[in-house]
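Spelled out, the chains give:
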Amino acid sequence: ETAVRMYPNDETANLNAAVIALNKNDLAAAERYLAKAGRSAEAQNARGVLAAKQGHYQEAEAAFRQAARLSEAQHNLEELQRVAAQ
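These figures come from a predicted structure and were not determined experimentally.

Calculation rules
Residues numbered from 1 in each chain as written. Predicted model: local features only at pLDDT ≥ 70, side-chain atom pairs only at ≥ 80, totals over all residues. Heavy atoms only, no water. Helix = DSSP H or I, 4+ residues; strand = E, 2+ residues; numbered from the N terminus. Rg over C-alpha atoms; globule rule 2.2 N^0.38 Å. Lys, Arg positive; Asp, Glu negative; His and termini not counted. Charge placed at Lys NZ, Arg CZ, Asp CG, Glu CD. Core = buried A, V, L, I, M, F, W, Y, C linked by side-chain atoms within 4.5 Å. Buried < 20%, exposed > 50% of the residue type's maximum accessible area, 1.4 Å probe, protein only. Contact = heavy atoms within 4.5 Å.

Caption draft 1: The overall build of the protein chain, seen in detail. Within the protein chain, the secondary structure is distributed over six helices and zero strands. If you list the helices and strands of the protein chain from N to C, you get α-α-α-α-α-α. For 86 residues, the compact-globule formula gives about 12 Å, and the C-alpha radius of gyration of the protein chain, at 13 Å, lands near that figure. Considering only C-alpha atoms, the protein chain reaches an extent of 45 × 25 × 15 Å along its principal axes. Measuring between centres, the 10 positive side-chain charges of the protein chain sit 3 Å from its 11 negative side-chain charges.

Caption draft 2: Representation of the nonpolar core. Counting residues in each nonpolar core, the largest one holds 15 residues, and the members touching the most others are Leu15, Tyr33 and Leu34. The set of elements that each furnish at least two residues to this core consists of α2 (11-23), α3 (27-34) and α4 (41-53). Looking at this core, the element that brings in the most residues is α2, giving six residues. For leucine 34, the contacting residues outside a window of four places in its chain are Leu15, Ala18, Ala43, Ala46, Arg47 and Leu50. In this structure, Ala51, Ala60, Phe64 and Leu80 belong to the second largest nonpolar core, which totals five residues.

Caption draft 3: Local environment of the environment of alanine 84. Structurally, alanine 84 can be placed in helix α6 (residues 71-85). The class of alanine 84 is exposed, set by a relative accessible area of 60%. Spatially, the C-alpha atom of alanine 84 lies 26 Å from that of isoleucine 20, the residues being 64 residues apart in sequence.

Encoded structure:
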């Protein structure tokens, strides 16, 4: 969070702050940070987590699929599908 205050437009700083916000379940802050986090697979995975936490499962699935090269995104997609099947 310190880095994003010092470098408010840095994609990596915003992604890291978004992940921290997601871990704290601060979805509003996560959304703000993700708006400046770029389009990397890591950012797409984080967007998927945010969407899932917001109950937007189709949006989450699309984001996880865009980040599919990451094992974390693959895992998140599998978990999302498992929950949806229940």
